[in-house]
Amino acid sequence: ATMPPLLSAIANAGRHGVLVKSAVVMERLGQVDAVALDKTGTLTEGTPRVTDLRPFAGVRLTEAASVAGTASALGDASATGTASATGTVSPMRDASVTEAASIAKGASVSGDAPATETSLLSEDALLTLAAAAEHPSEHPLARAIVAAARDRGLTLPEARDFTSAPGVGVTATVDGRTVAVGAPVRLLKGAADARPPAGAADAWSDEAATAVEQLEHGGRTAVLVTLDGVPAGVLGIADRPRRDASATVAALTALTGNPPMLITGDNPRAAARLAAETGIEPAAVRAGLLPEDKVTAVAEQERAGRKVLVIGDGVNDAPALAAAHTGIAMGRAGSDLALETADAVIVRDELATVPAVVALSRRARSLVV
Ligand code: ADP
Ligand code: MG
């Protein structure tokens with residue numbers, strides 16, 4: 001017997017590296033006339049790298065400011081009593097946070113003078129705290145932060161009470177301190193439409209605002225780290241567009257007759273830069289979205305009579321993947337929730353398979369009577 005067209009199309013899609021979960025999905029794929037793409041992990045490679053470490057001056061690693069004598073950990077600096085208060089604590093390869101704290105104590109002590117701790121957070125200490133808190137997370141940014149810590153040979157203390165908020169970030173208890181890592185605007189209490197997690201800050205320092213502004217202006221994803229609710233530092237993270245991102249955007253535009261939308265939780269500047277790099281129209285960019293905002297963006301399109309194909313990888317994409325006419329998840333690095341929720345999964349990690357599969361569906365549909 002000859003295979004029904006939709007079933008052979010599923011087999012064909014499989015050869016392209018796309019797992020289509022049912023004949024119904026195979027049929028629906030050919031109906032889409034609008035596309036919404038997630039940014040991080042979907043239009044980008046999803047293997048971001050930490051490019052900047054900016055610990056803030058004046059952040060305390062320990063509460064104990066009155067340390068008698070000089071800690072030997074600081075070596076020459078403490079011995080001479082000239083430890084700088086401007087963040088030039090010696091680098092701490094392999095330092096755990098506890099070790100970092102003892103170095104910090106040493107740095108604060110100058111002879112018999114009363115100890116006042118000022119700039120105590122080194123780049124390595126900041127990265128150690130962030131990576132420890134991110135360790136349990138499967139988010140691409142979390143993996144980047146943990147990888148950066150590994151690259152520096154840092155030992156990560158264990159994190160307890162880990163929680164993650166999709167589109168926001170993570171919080172955990174590290175060495176008795178509440179560490180939050182995530183989108184700067186979401187880690188600020190009282191920020192418009194924020195839903196601050198534990199560890200959110202009451203206010204930004206000028207230093208935090210400036211660092212975030214500078215990094216985002218440079219097209220980075222700025223990730224804020226707070227320590228017990230106090231902004232402690234910012235990490236800059238960069239990701240590259242996938243090699244086939246532009247070609248896919250162009251092919252999807254041609255296939256659907258509509259320019260694809262970019263729907264992302266990342267900041268507007270990083271989103272705009274990626275849109276420019278991949279041929280997405282500025283007007284089609286929606287940034288700073290929480291998971292439910294992605295659903296709203298898709299629903300608006302569908303109310304306008306379009307059948308929207310959502311492509312995403314994260315837990316934060318799952319509601320939009322479910323709400324859309326059709327949802328496709330990135331398989332290689334996609335979250336389990338996205339894979340389960342989506343109607344189809346890109347197994348071979350090539351975005352360009354999407355227009356190919358839409359075309360396959362249309363051909364199969366034309367054969368179904
Ligand atoms: P996208 O929609 O582009 O895939 P997400 O919605 O997953 O991005 O994340 C949006 C923003 O939330 C990120 O740019 C980041 O600032 C923050 N964020 C989310 N999860 C994490 C995490 N695990 N660690 C740090 N930041 C996070
Ligand atoms: Mg994503």
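Residues numbered from 1 in each chain as written. Chains lettered and ligands numbered in written order. Predicted model: local features only at pLDDT ≥ 70, side-chain atom pairs only at ≥ 80, totals over all residues.

**Details of the pairing of strand β6 (residues 177-182)**
Short version of the rule: With C-beta atoms placed from the backbone, the exposure class of a residue follows from how many other C-beta atoms lie within 10 Å of its own: 20 or more, buried; 12 or fewer, exposed; in between, partly exposed. Each helix corresponds to a stretch of at least 4 residues labelled H or I by DSSP, and each strand to a stretch of at least 2 residues labelled E; elements are numbered beginning at the N terminus. When DSSP finds two or more bridges between a pair of strands, those strands are recorded as paired.
Burial of β6 is extensive: five of the six residues sit out of reach of the surface. Across six bridges, strand β5 (residues 169-174) lies against β6 in antiparallel orientation. Bridging from a neighbouring strand, T171 pairs with A180 of β6. Linking two consecutive strands that pair antiparallel, namely β5 and β6, is a turn of two residues; a positive phi of about 50 degrees is found at D175 within it. The pairing of β6 with strand β7 (residues 221-227) spans four bridges and is classified as antiparallel. Residue pairing across strands places A180 opposite T226, the latter belonging to β7.

**What to know about the confidence of the model for the protein chain**
The predicted structure's coordinates, where accompanied by low pLDDT, should not be read in detail. Definition in use: Note: pLDDT gives the predictor's confidence per residue, expressed from 0 to 100. Two residues qualify as being in contact provided that their C-beta atoms, derived from the backbone, are within 7 Å of each other.
When pLDDT is averaged across the protein chain, the result is 83; 81% of the residues are at 70 or more. Across residues 63-119, where pLDDT falls below 50, the model places 104 contacts with residues more than four positions away in sequence or in other chains. Interface confidence for the predicted complex, expressed as ipTM, amounts to 0.97; the pTM equals 0.78.

**Quick word on the sheet that holds β7**
The line we're drawing: Geometry is summarised by axes, namely lines fitted to C-alpha atoms with helices restricted to the contacting stretch, and by angles between N-to-C directions that run from 0 to 180 degrees.
Spatially, six strands are ordered β3-β8-β7-β6-β5-β4 in an open sheet, and the strand pairing comes out antiparallel. Edge positions in the sheet fall to β3 (49-55) and β4 (159-165), since each of these pairs with one other strand and no more. Neighbour-to-neighbour, the strand axes of this sheet turn through a mean angle of 20 degrees, independent of strand direction. The pairing of β3 with strand β8 (residues 230-238) spans six bridges and is antiparallel. Paired with R49 across the bridge in β8 is A238. Contacting β3, β4, β5, β6, β7 and β8, helix α6 (residues 123-134) runs over the sheet at an angle of about 105 degrees to β5.

**Re the site of ligand 1**
Operational definition: Contact assignment follows one rule, namely that a residue is near a molecule or strand if its backbone-placed C-beta atom lies within 6 Å of it. In the scheme used here, Gly and all other residues not listed as nonpolar or charged are polar, with Ala, Val, Leu, Ile, Met, Phe, Trp, Tyr, Cys and Pro taken as nonpolar and Asp, Glu, Lys and Arg as charged.
Taken together, 24 residues form the shell around ligand 1, and within it K39, T40, H139, A183 and G265 come nearest. Among the elements that line the shell around ligand 1, the one with the most residues is helix α3 (residues 39-43), at three residues. Counted by class, the shell around ligand 1 contains seven nonpolar, 13 polar and four charged residues.

**Observations regarding the pairing of β5**
Extensive coverage of β5 is indicated by the burial of five of its six residues. In this structure, β4 lies alongside β5, joined through five bridges in antiparallel fashion. Residue pairing for β5: A159 is matched across the bridge by V174.

**Topic: the sheet that holds strand β1 (residues 18-20)**
Ordered by their spatial adjacency, seven strands build an open sheet running β1-β13-β12-β11-β2-β9-β10, and the pairing between neighbours is mixed. Strands at the two margins of the open sheet, each flanked by one partner only, are β1 and β10 (285-286). Note that strand β11 (residues 308-312) and strand β12 (residues 326-330) share four bridges and pair parallel. Its bridge partner lying in β12, G312 is registered against A329.

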